[in-house]
Amino acid sequence: MEIVSAISLWFIPVVIAFILIYGTYKKVPTYESFVEGGKDGIKMAVSIMPFLVGMMVAIAVFRASGALDVMVDWLRPGLEMVGIPAEIVPLALIRPISGTAALGITSDLIGVHGPDSFIGTLAATLQGSTDTTFYVLTVYFGAVGIKKMGDALKVGLLADAVAIITAIIVVTFMF
């Protein structure tokens, strides 16, 4: 176990040192390249800011308006018939939109139900097995100027749906 800790502690500094030494060996201006990358990173951060703000406002309005609660209450009877806890629905709906909001919901679920409960385990599994599809599409595709993202959206949402269904099945069998 000490070997793994030592490797994990030294891995990033060794990789960075290797890149700098190799770049210097190949006569690449490493410091200038680093500074240029930093400039590009700041430009990228500024260019994706409107997408991030729009996404966060939409999530906040959806949750604060009570629309999420109404949707969960509407779905509750059907979900309970098939053995799916309705408390998971907000996480399943928000996770493709925002990782931060989904993490907040996961923390709430684990805080209320406990980490070893069915809902806590399912929430943690959903958090780890799904992706922030809308976030990725709006921020990263928007940052590089991709306008047509229909196929990527379909595939991303299909992957999220498969991950949610699989997580429910696996956690149900393990519990």
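Placed above this text is the structure.
This section reports on the structure supplied with the text. This one's a predicted model, so the numbers in the text were calculated from it and none came from an experiment. (Residues numbered from 1 in each chain as written. Predicted model: local features only at pLDDT ≥ 70, side-chain atom pairs only at ≥ 80, totals over all residues. Heavy atoms only, no water.)

Focus: the overall build of the chain
The test is simple: Strands are runs of DSSP state E lasting at least 2 residues, helices are runs of H or I lasting at least 4, and numbering of each runs from the N terminus. Each radius of gyration is computed over the set of C-alpha atoms, and the globule rule expresses the reference value as 2.2 Å times the number of residues to the power 0.38. Contacts are assigned to residue pairs that have any heavy atoms within 4.5 Å of one another. Residue burial considers only the protein chains on display, and all accessible areas are found by Shrake-Rupley using a 1.4 Å probe. His is not counted, nor are the chain ends, whereas Lys and Arg count as positive and Asp and Glu as negative. For charged residues, the charge sits on one atom: NZ in Lys, CZ in Arg, CG in Asp, CD in Glu.
Helix and strand content of the chain: eight helices and zero strands. For the chain, the succession of helices and strands along the chain, N to C, is α-α-α-α-α-α-α-α. Whereas a compact globule of 175 residues would reach a radius of gyration of roughly 16 Å, the chain reaches 21 Å, over 25% beyond that. Restricting to contacts in the chain with at least 6 residues of sequence separation, those with at least 24 account for 64%. Accessible surface, the chain as shown: approximately 11,700 Å² in total, 74% of it carbon and sulfur. Positive and negative side-chain charges in the chain, numbering 10 and 13 respectively, have mean positions lying 15 Å apart.

Notes on a nonpolar patch on the surface
Rules: Residues enter patches when they are more than 30% accessible in relative terms and free of salt bridges; like-charged ones are connected within 9 Å and nonpolar ones (Val, Leu, Ile, Met, Phe, Trp, Tyr) within 5 Å. A carboxyl oxygen of Asp or Glu within 4 Å of a side-chain nitrogen of Lys or Arg is what we treat as a salt bridge. Note on classification: 1.4 Å probe, protein chains only; a residue is buried when its accessible area is under 20% of the maximum for its type, exposed when over 50%, partly exposed between these limits.
On the surface, a nonpolar cluster with roughly 1,200 Å² of combined accessible area is contributed by Ile 3, Ile 7, Phe 11, Ile 12, Val 15, Ile 16, Phe 18, Ile 19, Leu 20, Tyr 22 and Tyr 25. Judged by its relative accessible area of 55%, Phe 18 falls in the exposed class.

Some details on the side chain of Thr 106
Checked against the element boundaries, Thr 106 lands in helix α5 (residues 99–113). The exposure class assigned to Thr 106 is buried, which follows from its relative accessible area of 4%. When residues no more than four places from it in sequence are discounted, the contact partners of Thr 106 are Leu 91, Ala 123, Ala 124 and Gln 127.

A word on the nonpolar core
Here is the rule: Nine residue types can take part in a nonpolar core, namely buried Ala, Val, Leu, Ile, Met, Phe, Trp, Tyr and Cys, and a core is a set of them joined through side-chain atoms within 4.5 Å.
Counting 23 residues, the largest nonpolar core has Ile 88, Leu 91, Leu 109, Leu 122 and Leu 126 as the members making the most contacts within it. Secondary-structure elements contributing two or more residues to this core are α2 (30–64), α3 (67–81), α4 (89–94), α5, α6 (118–129) and α8 (150–174). Other than its neighbours up to four places away in sequence, Ile 88 contacts Leu 109, Ile 119, Leu 122, Ala 123 and Leu 126.

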